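Breakdown of the fold
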Amino acid sequence: MAGSPAGAAQGADDIIVGNIMVLIGQSEESYMLSPSTDTSELQGMRPAIADPDALHVITYRSGGDYPGSDYASNSMLAVTDSTMYHTALGYMSNFLSENAPGERFLLIDATVSGTSYWNLASDDPAASATELSDRTWDGSFEGGIDVLRSYGAEPGLLMSTWTAAPATTNDGYRQRLYPLFTGRYAPEQGGADYVLGTDPLNGRPYDHLFYDLTGQGRGTLDPARTMAYFYGPHRFELMETTATKQDTRLSIRNFVDDGLPNMLGFVGPEIISYESGFQAIGSSRTVDRGAADSWVDVAHPSRYSADGSPRRAQYTALAALYGFGIGPAAAQERDVPRFNRAFWEPSGAYAEFWFEDAEGNTPAITTTRLARALPAIPETLAGTASASETAIGGALLPHRAEVAGFEIDGAGAQNVSIAGGRVRVYPNSGSFGGNTRIDFGRGAASGIHTVPGLADADVIEADLFDRIWMNLPIVTGMAEGVEGIPLRPMPEQNDIASTLAAAPQFDVAGNTAIYGSANWGVVTPITAKFRLTANPASAAEEALLRLPVGSGELKLSLLSGTRLRYSFGPAGLSGDVTSPLPYEGVMREFVITADPATGAFGLYVDGTEVLAQASGTPGSFSGNYAPRLLGLNNGANMLNATVESITIWDAYTADGSDPAAAPYKTIAGDAATALAAAKSGPNAFTWYEGGAAQ
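Everything numeric here is computed off the predicted structure, so don't read it as measured data.

1. Comments concerning the overall build of the protein
- Of regular secondary structure, the protein possesses 15 helices and 34 strands.
- The principal-axis extent of the C-alpha atoms belonging to the protein is close to 95 × 60 × 50 Å.
- The buried share of the protein, taken over its 694 residues, is 58%.
- A separation threshold of at least 6 residues defines the contact pool for the protein, and within that pool the share at least 24 residues apart is 68%.
- Taken as a whole, the protein presents about 24,600 Å² of accessible surface, with 49% of it coming from carbon and sulfur.
- Here the protein holds 42 positive side-chain charges and 78 negative ones, and the gap between their average locations is 3 Å.

The structure is reproduced here in structure tokens:
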């Protein structure tokens, strides 16, 4: 791979020796390679190349210093002081030579802005009709492989963190890509051989395949010589509620866990700690924060800061070292930093999280901001000319902790710090318990969190102005050239779950309903409180409480994993509303309270008011039905959850707190205890399981 900085001239004895990776993707990767994104500001930061033989590139690009206009005319290009092609490539080269000295690397550029896998692998114009640009299989992928093969070599890795355009919900990312990487459908979709140009199951007809494991020879890559390798998703400047990115992260892990022979069996270090976009007046960059009215180009690494595309290039190089299993000890072991150890202080005062590697070492955790000894992130946005600052109006942004990205039962953690090289999380209020759930990096893994009363777009822009990415945790001492390696978002709950004592619980799996034995009075008020962890089986309605029927109905159900469906017929109230706190997989307290005589009504989640009225249209319940719990009836719309307790009062509460009166009924404990409590008097209930009374 050593040679002229110009296009390589192939001779009879030319050979390629080194680590060869194909980088597929869209604009996030193109920002490291395209001359149009190598601004004069970046070029002023170009490093001196430590080893001019460390990194070569095969690309289809033109302009800038690129000598040609396609793969063939560019051939193989050395990244040197005089021909760096892009500042980011200079940073990539030096990172590789610093962390794997003497190794040689060849990067085949197969990235095109504004495109998806479907656009790449389909010849149908419909595949590009809704995307920003078009690309061809040969012109932006296979042509680079052909140049490589003219030297008698094959790639070692097919690298992907391609999750902008292709991201989708549930396990769709994996299912859509299964044919492209194997030549067949996913097992749960039948596993049939894929027919090129058609896709009735996923709506992604491919005319080309990366691999074909069916023996039909339709794949471009040799599964015995080139390993598919995922190291994403990367960070997106979106909220913790962004299902497409979170689901895609889990879908990639599912894909890797399938154990395919042509895919590395781990997800590499995800690119989390870098800067996106830049401050601007309109769309033009400004260095004057006071004049800046916006933060723009947020979907891409900054093209004006060394923390942007150059930093992303360094972390791409790190992922490559993990893929090849060379360089730093962690990369050789393919031991990706993640939160896999926890300590829950016995009184519930705090919890600590850290990473222990395969050798039992516990490298210290910090943040980029702390490592650089920068001032703390401010509590709110100030000092800009942005509309977001005006809209926020000095309100505190409580998720801006010393360490960002943590949540406590779905709420942004407000007090998170580094203590002795570990991340320490304190309760937002009270103390932690056995059912407390702490998460890191949900949604888009940005550290940005919804703030009640503020628009998401304003919070996002505020956090970009103040660089919340610098508050994301990194592990130190594991790689040279960067402050640390970002910790993997969404750690396994089994590794970090609370060890504190929890109240006993019982499980219901969509086949349990509990019916009262006495009809509820026509004007008797009611309050029902449910403490449970919902695990919805689908987006369908799953009921907590129903007091039938029609104009006399009272109902509370969970819907779509994020919404609540309610009805209070006597007062003419009904509707669907988004829960103020996410409830799937998290212990929550749901309260519904109503007084038909006055029309008073309230709905609360963990004490947060969803909607309430102190009075309204008076009316009455039917008087002909008893309360139904955990199902609309004993055969439909039944709950999937782990339940701690259900408490009912024949009283109304004005603020969602427990009424002063003694409960009408309490059902709590483990399965046997809860069943006995339900059936016992006074006010016995009947427990139905699979339609049969227990």
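2. Some remarks on unusual backbone geometry
- Looking along the chain, the bond that leaves Pro548 and enters Val549 is cis, with omega of 10 degrees.
- Along the chain, Val549 turns up in the loop between strand S23 (542-547) and strand S24 (554-559).
- Note the cis peptide between Gly681 and Pro682, where omega equals -5 degrees.
- With a phi close to 70 degrees, Leu630 is a non-glycine residue in the positive phi region.

3. What to know about the sheet that holds strand S5 (residues 157-160)
- Read across the open sheet, the six strands follow the order S3-S2-S4-S1-S5-S6; overall the sheet is mixed. Two strands bound the open sheet, and with one partner strand each, they are strand S3 (76-78) and strand S6 (227-230). Taking the axes of each pair of neighbouring strands and ignoring which way they run, one obtains an average angle of 25 degrees across the sheet.
- Examined bridge by bridge, strand S2 (residues 55-58) and S3 share three bridges and lie antiparallel to one another. In the sheet register, Ile58 faces S3, and the bridge partner there is Met76.
- Helix-sheet contacts for helix H4 (residues 87-99) involve S2 and strand S4 (105-111), and the interaxial angle to S2 is about 135 degrees.

4. Focus on the nonpolar core
- Counting residues in each nonpolar core, the largest one holds 89 residues, and the members touching the most others are Leu89, Tyr322, Phe406 and Val425.
- Per-element accounting of this core gives the leading share, nine residues, to helix H9 (residues 309-324).
- When sequence neighbours within four positions are dropped, the list of residues in contact with Leu89 reads Met32, Leu33, Leu55, Val57, Tyr66, Val79, Met84 and Leu107.

5. Comments concerning the sheet that holds S24
- Strand order in this open sheet of eight strands is S26-S25-S24-S23-S30-S21-S33-S34, and the pairing throughout is antiparallel. Lying at the two open borders of the sheet, with one neighbouring strand each, are strand S26 (573-578) and strand S34 (692-693).
- For S24 and strand S25 (residues 563-568), the ladder comprises six bridges, and the chain directions are antiparallel. Opposite Leu559, over in S25, you have Arg563 as the bridge partner.

6. Considerations on the side chain of Arg442
- Take Arg442: it is sitting in the loop between strand S17 (438-440) and helix H13 (456-465).
- Assessed through its relative accessible area of 16%, Arg442 is described here as buried.
- A polar contact of 2.6 Å, which involves the side chain of Arg442, links it to the side chain of Glu407.
- Each residue touching Arg442, except ones within four places of it in the same chain, is listed here: Glu240, Gln246, Glu407, Gly410, Met490 and Pro582.

7. Comments concerning the environment of Ala411
- By secondary structure assignment, the location of Ala411 is in strand S14 (residues 411-412).
- For Ala411 and Trp649, which are 238 residues apart along the polypeptide, the C-alpha to C-alpha distance reads 28 Å.
- With near-sequence residues (within four places) excluded, Ala411 lies in contact with Phe406, Asn428 and His449.

8. Section: the side chain of Asp307
- Relative to the helices and strands, Asp307 is located in the loop between strand S9 (294-301) and H9.
- Not counting residues up to four positions away in its chain, the partners in contact with Asp307 are Tyr274, Glu275, Arg372, Trp469 and Met470.

9. As for the pairing of S25
- If you look at the hairpin formed by S24 and S25, you'll find three residues sitting between the two strands, and Ser560 has a positive phi there, around 65 degrees.
- Inspection of the sheet shows S25 paired to S26 by six bridges, in the antiparallel sense. In the sheet register, Phe568 faces S26, and the bridge partner there is Leu573.
- Hairpin geometry of S25 and S26 is characterised by an intervening segment of four residues between the two adjacent antiparallel strands and by a positive phi of about 70 degrees at Gly572.

10. Brief notes about the packing of helix H7 (residues 172-182) against helix H8 (residues 243-257)
- Contact pair H7 / H8: the axes reach a minimum separation of 8 Å and the direction vectors enclose 40 degrees. In this view, H7 runs oblique relative to H8, as classed from their interaxial angle. Helix-helix and strand crossings are classified by hand; for H7 and H8 the assignment is right-handed. When H7 is examined against H8, the residues Gly172, Tyr173, Arg174, Leu177, Tyr178 and Phe181 are found in contact with a partner set consisting of Thr248, Ser251, Ile252, Asn254 and Phe255.
- For the contact of H7 with H8, the per-class residue count stands at six nonpolar, four polar and one charged.

11. Quick look at the confidence of the model for the protein
- Summing up the model confidence of the protein, the mean pLDDT is 94 and the portion of residues at 70 or higher is 98%.
- With pLDDT under 50 throughout, residues 1-12 is counted as low confidence; its partners more than four residues away or in other chains account for 33 contacts.

12. Some thoughts on the packing of aromatic side chains
- This model, assessed by the stated rule, comprises 38 aromatic pairs.
- Aromatic pair Tyr194 and Tyr206: ring centres 5.9 Å apart, planes at 40 degrees, arrangement tilted. Of this pair, Tyr194 sits in the loop between H7 and S6 while Tyr206 is found in the loop between H7 and S6, placing the two residues 12 residues apart along the sequence. Tyr206 shares its class with Tyr194; the two are buried.
- One aromatic cluster in this structure is built from Tyr117, Trp137, Phe141, Trp162, Tyr173, Tyr178, Phe181, Phe210, Tyr211, Phe230 and Phe255.
- Geometry around Tyr350 places Arg424 over its ring, the cationic atom sitting 4.0 Å from the centre.

13. So, the pattern of salt bridges
- Considering all chains together, one arrives at 35 salt bridges under this definition.
- The partner of Glu29 in a salt bridge is Arg312, and the shortest N-O contact between them spans 2.6 Å. A residue pair is termed long-range when its members are at least 10 positions apart, and Glu29 in helix H1 (residues 27-30) and Arg312 in helix H9 qualify at 283 residues. Here Glu29 matches Arg312 in class, with each residue buried.
- A salt bridge links Arg174 to Glu188; the shortest N-O distance between them is 2.5 Å. With Arg174 in helix H7 and Glu188 in the loop between H7 and S6, the pair connects residues that are 14 residues apart, well separated along the chain.
- A residue is classified by how much of its surface remains accessible, and Arg174, at 5% relative accessible area, is buried.

Conventions adopted
- Residues numbered from 1 in each chain as written.
- Predicted model: local features only at pLDDT ≥ 70, side-chain atom pairs only at ≥ 80, totals over all residues.
- Heavy atoms only, no water.
- Helix = DSSP H or I, 4+ residues; strand = E, 2+ residues; numbered from the N terminus.
- Buried < 20%, exposed > 50% of the residue type's maximum accessible area, 1.4 Å probe, protein only.
- Contact = heavy atoms within 4.5 Å.
- Areas by Shrake-Rupley, 256 points an atom, 1.4 Å probe, with all protein chains shown as cover.
- Lys, Arg positive; Asp, Glu negative; His and termini not counted.
- Charge placed at Lys NZ, Arg CZ, Asp CG, Glu CD.
- Pairing = 2+ DSSP bridges.
- Axes fitted to C-alpha atoms, helices over the stretch in contact; angles between N-to-C directions.
- Core = buried A, V, L, I, M, F, W, Y, C linked by side-chain atoms within 4.5 Å.
- Polar contact = N/O pair within 3.5 Å; in protein donor to acceptor, adjacent residues only side chain to side chain.
- Parallel < 35°, antiparallel > 145°, perpendicular 65-115°, else oblique.
- Left-handed = near helix turned anticlockwise from the far one by under 90°.
- Nonpolar A, V, L, I, M, F, W, Y, C, P; charged D, E, K, R; others polar.
- pLDDT = per-residue confidence, 0-100.
- Phe/Tyr/Trp six-rings, centres within 6.5 Å; stacked < 30°, edge-to-face > 60°.
- Lys NZ or Arg CZ within 6 Å of the ring centre and 35° of its normal.
- Salt bridge = Lys/Arg side-chain N within 4 Å of Asp/Glu carboxyl O.

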